[in-house]
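# Examination of the molecular architecture
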Amino acid sequence: KPGSIVDIVDRDGAFAGRGFYNGHSRIALRVLTANPDEAVDEGFFARKISDAVALRRDVLKLDAVTDAYRVIHSEGDGLSGLVVDRFASTLVVEYFSAGLFKQRDLIKRVLLQHFPEAEIYAFAEDHVQKQESFDLAHPPAPRPTVIHEHGVQFHAAPGSKHKTGFFADQRDNRLFLSEFCAGKRVLDLCCNSGGFGIYAKARGGADEVIGLDLDEEILAIAKKNAQLNDAKVKFVQADLFPWLRDDAILLGEGKDR
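About the criteria used
Residues numbered from 1 in each chain as written. Predicted model: local features only at pLDDT ≥ 70, side-chain atom pairs only at ≥ 80, totals over all residues. Heavy atoms only, no water. Pairing = 2+ DSSP bridges. Helix = DSSP H or I, 4+ residues; strand = E, 2+ residues; numbered from the N terminus. Axes fitted to C-alpha atoms, helices over the stretch in contact; angles between N-to-C directions. Phe/Tyr/Trp six-rings, centres within 6.5 Å; stacked < 30°, edge-to-face > 60°. Buried < 20%, exposed > 50% of the residue type's maximum accessible area, 1.4 Å probe, protein only. Salt bridge = Lys/Arg side-chain N within 4 Å of Asp/Glu carboxyl O. 1 Å grid on protein atoms, 1.4 Å probe; cavity = no way out; pocket = protein on both sides within 12 Å on 5 of 7 lines; lining within 4 Å. Points joined across faces, edges and corners; volume = space filled by probe spheres on them. Nonpolar A, V, L, I, M, F, W, Y, C, P; charged D, E, K, R; others polar. Contact = heavy atoms within 4.5 Å.

Here we take up the sheet that holds strand β4 (residues 68-73). One open sheet holds the four strands; their spatial order is β4-β5-β6-β7, and the pairing between them is mixed. The two strands at the open ends of the sheet, each matched to only one other strand, are β4 and β7 (119-123). Put simply, the sheet's adjacent strands are angled 20° from each other on average, direction ignored. Summarising the sheet, strand β6 (residues 90-95) and β7 pair through five bridges and their orientation is parallel. Within β7, the residue paired with Leu91 across the bridge is Ile120.

The tally for this structure, following the rule as stated, stands at seven aromatic pairs. Ring geometry for Phe20 versus Phe45: centroids 6.0 Å apart, planes at 5°, classification stacked. Here Phe20 is found in strand β2 (residues 15-21), whereas its partner Phe45 is found in helix α1 (residues 42-59), with 25 residues between them in sequence. What makes Phe45 buried here is its relative accessible area of 1%. Taking the centre distance of 4.4 Å and the plane angle of 20° together, the rings of Phe101 and Phe134 count as stacked. Of this pair, Phe101 sits in helix α2 (residues 98-101) while Phe134 sits in the loop between α4 (126-132) and β8 (145-149), placing them 33 residues apart in sequence.

One pass over the full model with this rule turns up 12 salt bridges. Here Glu38 makes a salt bridge to Arg47, at a shortest N to O gap of 2.9 Å. Classification of Arg47 by relative accessible area gives partly exposed; the value is 39%. A salt bridge links Asp85 to Arg70; the shortest N-O distance between them is 2.7 Å. Taken together, the residues Asp85 in strand β5 (residues 82-87) and Arg70 in strand β4 connect sequence positions 15 residues apart. The exposure class of Arg70 is partly exposed, given its relative accessible area of 34%. Bridged by salt links that share partners, the residues Arg30, Glu75 and Glu132 form one connected network.

With that settled, the discussion passes to empty space enclosed by the protein. Per the counting criterion, the structure on display carries one cavity of 30 Å³ or more. Space inside the largest cavity adds up to approximately 40 Å³. If you go around the largest cavity, the residues you meet are Gly3, Phe20, Tyr21, Asn22, Ile27, Arg30, Ser97, Ala98, Gly99 and Glu132. Residue composition of the lining of the largest cavity, by class: four nonpolar, four polar and two charged.

This part takes up helix α6 (residues 195-202). Within the span of α6, buried status applies to Gly195, Gly197, Ile198, Tyr199 and Ala200. If you follow the buried residues of α6, they end up packed against β8, β9 (152-156), α5 (171-178), β10 (185-189), β11 (208-213) and α7 (216-228).

At Ala88, a position not held by glycine, the phi torsion is positive, near 55°. Mapped onto the fold, Ala88 is located in the loop between β5 and β6. A residue is classified by how much of its surface remains accessible, and Ala88, at 15% relative accessible area, is buried. Phi at His150 is positive, roughly 50°, even though this residue is not glycine. The residue His150 is located in the loop between β8 and β9 in this model.

This is the structure:
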């Protein structure tokens, strides 16, 4: 059945690995271990989840700078088909494989051991459910929340059109950019929810910041994020290509510069 745990052997019958099988999926085999003595059971999944959390907390020490980060990154943490993101007190769990969907009760139980106050929101895209042959009803979206990183705050709304409205994976890049912005004029193209531009103003001390995006809805979130940080950022709703062609709009000081 889809999501069954099987032993994998090579053409000579020698053990090659152990993992999930799904004959309905484009990914028929998801290898979880190459150790013939390692059982893939509840203890295995609990250990992998705990190792992933420990990497973020004990090695990378992310809790010291943020409450929004990827807790489990699928194959990167040895759990092919599972992604877990943290947004303050909300954990967003996304399933990409039938095998890990079958472990959903265990996954929730172990996550709550590490994040006892968390609200868990679990989902899977429709096309993934069809391809992997499992059914997960669309749950109501969790409450919007405010997340923090390096002293800057952002609104996040998991389950919305923009999933979170926030790119946690750009955290280090936002901080790095802010170090070059003191006294500068900063243009944040395709600004989404305003992360880079707000960092430039709130942490970097930029003189002027313009954020541009085509999507009015995400710009509404960006404006709220700027207000949250008391950062004066001018947000513009426009298609960047014609907007960039007009030097007068871009520079605000004529076409002679």
